[in-house]
Amino acid sequence: MLRNAKINTLRVAQLTVAAIMAAAAPVCFTLAAPARAAVIDVHCAGSFSRSFSPAVTATPQTVTVTEAFDYDTCAIGPSATGAASIAVSLSCVPVTAGPPETETVTWNDATGGTSTITWSAPTVAGQTAIFTGTVTAGRYAGDSATKVTSGISYLGSVVGCLLGTPVSSTTGLVDSIVLTQ
C-alpha cells in the first residue's frame, strides 16, 4: 500500500507540473513578439548636382546650396527626383559635412505624390557622405531613410578654388537611397 501511495503522489506531482506548464505556455509564447524583418519600400541609385550662390571661395562666407537629386535606377520602388536648399558657411577648405536638411522627393509613377525626408547632418569619409533620416510627411511617411553619396567633382575643384577659381557647382553619384518600414 505504501508503494501505491508513492505512485499516486508521484502521478499527482507530474500532473500538477504538466497543468502548470500547460497554463504558462500561452503566457510565455505571447510575451515574446516575433522578429520582423524591415520592409524595403524604395532602393534606388542615381546622381546629384549642387549649385552654390555665391560661389565658394577661399574666404568663408554664407552660401545658399541648392541640390537636385535624380533617383533614376531603382531595384525596388519608383524612380524619383529630389530637391533641397540650405544656407551654410563655406570656403574651399576645410570641406564640412553640412547641417541637417530637408529634402522633397517627387515620385515618378502613376501613384505620384511627394515625400518629405528630414536628414540628419551627414557623416563624411573622404568623398562619401552618409545621410540618415526619416520620411516625415507624404508618401512613405514614417519610413527610415538612408542615403549614400559620392561627390566626384568638388574635391577636384579644391586646388583651383585655393588658386582663385571659385566653385559654383558640383556633381556626384547617389550610390543608394533606401526607405524602409
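Now for a description of the structure that goes with this document.

Quick notes on the overall build of the protein chain
- Check the secondary structure of the protein chain and you find two helices and nine strands.
- From first element to last, N terminus to C terminus, the protein chain shows the α and β order α-β-β-β-β-β-β-β-β-α-β.
- In the protein chain, which comprises 181 residues, the proportion classed as buried is 30%.
- If you take every contact in the protein chain between residues at least 6 apart in sequence, the share linking residues at least 24 apart comes to 55%.
- Accessible surface, the protein chain: about 10,300 Å² in total, of which carbon and sulfur atoms supply 64%.

What to know about the side chain of Arg50
- Mapping Arg50 onto the fold places it in strand 1 (residues 40-56).
- A distance of 2.5 Å separates a polar atom in the side chain of Arg50 from a polar atom in the side chain of Glu67.
- Excluding anything up to four places from it in sequence, Arg50 contacts Val65, Thr66, Glu67, Phe131, Ser168, Ser169 and Thr170.

Describing unusual backbone geometry
- Backbone torsion omega between Ser53 and Pro54 reads -5 degrees, so that peptide bond is classified as cis.
- With respect to the element layout, Pro54 can be found in strand 1.
- One non-glycine residue with positive phi stands out, namely Tyr140, at about 70 degrees.
- Looking at the secondary structure, you find Tyr140 in the loop between strand 7 (128-138) and strand 8 (144-151).
- By relative accessible area, which is 17% here, Tyr140 ends up buried.

With respect to the state of the cysteines
- Going through the model one piece at a time under the given rule, you end up with two disulfides.
- Bridging Cys92 to Cys161, the disulfide has an S-S length of 1.6 Å. Between Cys92 and Cys161 the sulfur-sulfur dihedral comes to about -65 degrees; the bridge is accordingly left-handed. On the criterion of sequence distance, the pair formed by Cys92 in the loop between strand 3 (80-90) and strand 4 (101-107) and Cys161 in helix 2 (residues 154-162) is long-range, its members being 69 residues apart. Grouping residues by exposure puts Cys92 and Cys161 together as buried.

Looking at the pattern of salt bridges
- Applying the stated criterion to the full structure yields three salt bridges.
- A salt bridge links Glu103 to Lys147; the nearest nitrogen and oxygen atoms lie 2.8 Å apart. Of this pair, Glu103 sits in strand 4 while Lys147 sits in strand 8, and the two are 44 residues apart along the sequence.
- What makes Glu103 buried here is its relative accessible area of 0%.

Thoughts on the packing of aromatic side chains
- Enumeration according to the criterion identifies four aromatic pairs in this entry.
- Consider the rings of Phe48 and Phe69, whose centres lie 6.0 Å apart with planes at 45 degrees: the pair is tilted. With Phe48 in strand 1 and Phe69 in strand 2 (residues 61-76), the pair connects residues that are 21 residues apart, well separated along the chain.
- For Phe48, a relative accessible area of 4% gives the class buried.
- For the pair Trp119 and Phe131, a centre-to-centre distance of 6.0 Å together with 65 degrees between the ring planes defines the contact as edge-to-face. Of this pair, Trp119 sits in strand 5 (residues 114-119) while Phe131 sits in strand 7, and the two are 12 residues apart along the sequence. Neither Trp119 nor Phe131 differs from the other in exposure class; each is buried.
- Every member of this aromatic cluster is reached through a ring pair, and the members are Phe48, Phe69 and Tyr71.

Thresholds applied
Residues numbered from 1 in each chain as written. Predicted model: local features only at pLDDT ≥ 70, side-chain atom pairs only at ≥ 80, totals over all residues. Heavy atoms only, no water. Helix = DSSP H or I, 4+ residues; strand = E, 2+ residues; numbered from the N terminus. Buried < 20%, exposed > 50% of the residue type's maximum accessible area, 1.4 Å probe, protein only. Contact = heavy atoms within 4.5 Å. Areas by Shrake-Rupley, 256 points an atom, 1.4 Å probe, with all protein chains shown as cover. Polar contact = N/O pair within 3.5 Å; in protein donor to acceptor, adjacent residues only side chain to side chain. Disulfide = S-S within 2.5 Å. Salt bridge = Lys/Arg side-chain N within 4 Å of Asp/Glu carboxyl O. Phe/Tyr/Trp six-rings, centres within 6.5 Å; stacked < 30°, edge-to-face > 60°.

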